[in-house]
Amino acid sequence: LETIREPIEKSPFPAYHKFDSFYGKPGSKELEASLVYVESPFPLLLDWDLKTTTKRIRIHEKCADSLAQVLEQTLEEYSPAMIRTLGIDRFAGSYVNRPMRGGSKPSTHAYGAAVDFYAGRNGLTTRCPQALFCSPAYEPWIRIWESNGWTSLGRAIGRDWMHFQAGAVK
């Protein structure tokens, strides 16, 4: 998959600089009250403990329906066996109130507007072709995220392929 630099057309989600007004202030009671759980139609392995599964992802209510669509469409595109083989089921995290790695601004995770998958093979500094998610088998999955308004950081900035956020980078 090539890196893209332009924003996703018709995304219902704002650019990062508008996150406070759209999602709320990280750590605030209002934002915390806006977090909901989205049920996955397939089991998710915890990326840090592959013996443990979940079917729930905690996310901001403003992106919950979109995330539910991503997960449903993933199951339509890939069989459960393919999801498992490709590691699409390796859930590496969603909401956590923290700053961006190596920075002081709030992470998109702090807004409840980001989800990570298969961190070990798609790390923060991993670029193509080493990142697993930049290989052709994942192109339909990346397009599912994008068609539902999410940004793949791998495609947007060329690294951090594990990270999908409900909002543009800039």
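Residues numbered from 1 in each chain as written. Predicted model: local features only at pLDDT ≥ 70, side-chain atom pairs only at ≥ 80, totals over all residues. Heavy atoms only, no water.

A. Focus on the environment of phenylalanine 133. Looking at the secondary structure, you find phenylalanine 133 in the loop between strand 4 (114-117) and helix 5 (139-147). According to the relative accessible area criterion, phenylalanine 133 is buried, its value standing at 0%. Spatially, the C-alpha atom of phenylalanine 133 lies 23 Å from that of aspartate 65, the residues being 68 residues apart in sequence. (Helix = DSSP H or I, 4+ residues; strand = E, 2+ residues; numbered from the N terminus. Buried < 20%, exposed > 50% of the residue type's maximum accessible area, 1.4 Å probe, protein only.)

B. Inspection of the state of the cysteines at higher detail. Enumeration according to the criterion identifies 1 disulfide in this entry. There is a disulfide in this structure between cysteine 128 and cysteine 134, and the S-S distance comes to 2.2 Å. By relative accessible area, cysteine 128 is classed as partly exposed at 33%. Among the residues examined, cysteine 134 registers a relative accessible area of 7% and is labelled buried. (Disulfide = S-S within 2.5 Å.)

C. How the structure looks around the layout of surface pockets. Each pocket or cavity is described by its volume, and for the largest pocket that value is around 500 Å³. Together, 21 residues line the largest pocket, and Arg101, Leu124, Leu153, Asp160 and His163 are the ones closest to its centre. Those elements giving two or more residues to the lining of the largest pocket turn out to be strand 3 (90-93), helix 6 (153-157) and strand 6 (163-165). Split by residue class, the lining of the largest pocket holds 9 nonpolar, 7 polar and 5 charged. (1 Å grid on protein atoms, 1.4 Å probe; cavity = no way out; pocket = protein on both sides within 12 Å on 5 of 7 lines; lining within 4 Å. Points joined across faces, edges and corners; volume = space filled by probe spheres on them. Nonpolar A, V, L, I, M, F, W, Y, C, P; charged D, E, K, R; others polar.)

All we've got here are geometric facts, nothing functional implied.
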